Amino acid sequence: MPVLSGKPLPLKLGSAVTAICVGGLFAWGTLVVENITDSMSRGYYIRDVFDASPSKGDIVFFRRPENVRQYFAASDSWSIWFDAPRNGMLKTVVATSGDVVCDTDGKFSVNGYDIVSINYDIPNSDALPRIGGCIRLAHNEVAVATNSARGIDSRYFGAVRTEDCTVYLPLWMWR
């Protein structure tokens, strides 16, 4: 039986209160997302309702770029899950407005510092776009990356618009 202030609540009242609270939060967007990939720690992430603009180090959730959706749609085992419009990507912001991100010599770098290697052994990686050189991020762009050698991130699809990003915080991790 749900308890509020030390007093048990009838199940129906407790369920109604929960539904109202959670329903109100969902009106702002997806409250909790689950990561089941190796690109970030597996677990649940909760929306940071107080942080509207992504900064370096923030974890952001965004809709997969169209070229990445097409890449995953070509994979029989993942096509249905990855092609659903509600599904997005959860990544860490590594560069923001004015930073220079490069795809050179097999490395993805930000302002001259290597962040992660570029994995040319990803199946069908020729279908993935690449930055191919350096770009300076515009005022409304971020670059995202992961430590996973097989991660699909800005190494392949470039910048993400800040207005497409929602900041999330780790809630419960299991790996």
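Note that this is a predicted model, so its numbers are computed, not measured.

The rules behind each value
- Residues numbered from 1 in each chain as written.
- Predicted model: local features only at pLDDT ≥ 70, side-chain atom pairs only at ≥ 80, totals over all residues.
- Heavy atoms only, no water.
- pLDDT = per-residue confidence, 0-100.
- Helix = DSSP H or I, 4+ residues; strand = E, 2+ residues; numbered from the N terminus.
- Contact = heavy atoms within 4.5 Å.
- Salt bridge = Lys/Arg side-chain N within 4 Å of Asp/Glu carboxyl O.
- Buried < 20%, exposed > 50% of the residue type's maximum accessible area, 1.4 Å probe, protein only.

(A) Molecular detail of the confidence of the model for the chain. Model confidence for the chain is summarised by a mean pLDDT of 76, while 70% of its residues fall at 70 or above. The least confident element of the chain is strand β1 (residues 3-4), whose mean pLDDT is 34; the most confident is strand β11 (residues 141-145), at 96. Across residues 1-28, where pLDDT falls below 50, the model places 16 contacts with residues more than four positions away in sequence or in other chains. Scored below 50 in pLDDT, residues 78-85 shows 12 contacts in the model against residues more than four places distant or in partner chains.

(B) Molecular detail of the pattern of salt bridges. Tallying each qualifying case throughout the model produces 5 salt bridges. Note that Lys56 and Asp99 form a salt bridge whose closest N and O atoms lie 2.9 Å from each other. One end of the pair, Lys56, is in the loop between β4 (43-47) and β5 (59-63); the other, Asp99, is in the loop between β6 (88-95) and β7 (100-104), and 43 residues separate them in sequence. A relative accessible area of 47% places Lys56 in the partly exposed class. Classification of Asp99 as buried rests on a relative accessible area of 8%. We note a salt bridge from Arg155 to Asp153, for which the minimum N-O separation is 2.7 Å. Assigned by exposure class, Arg155 and Asp153 land together as buried. One network of salt bridges, in which partners are shared, links Arg161, Glu163 and Asp164.

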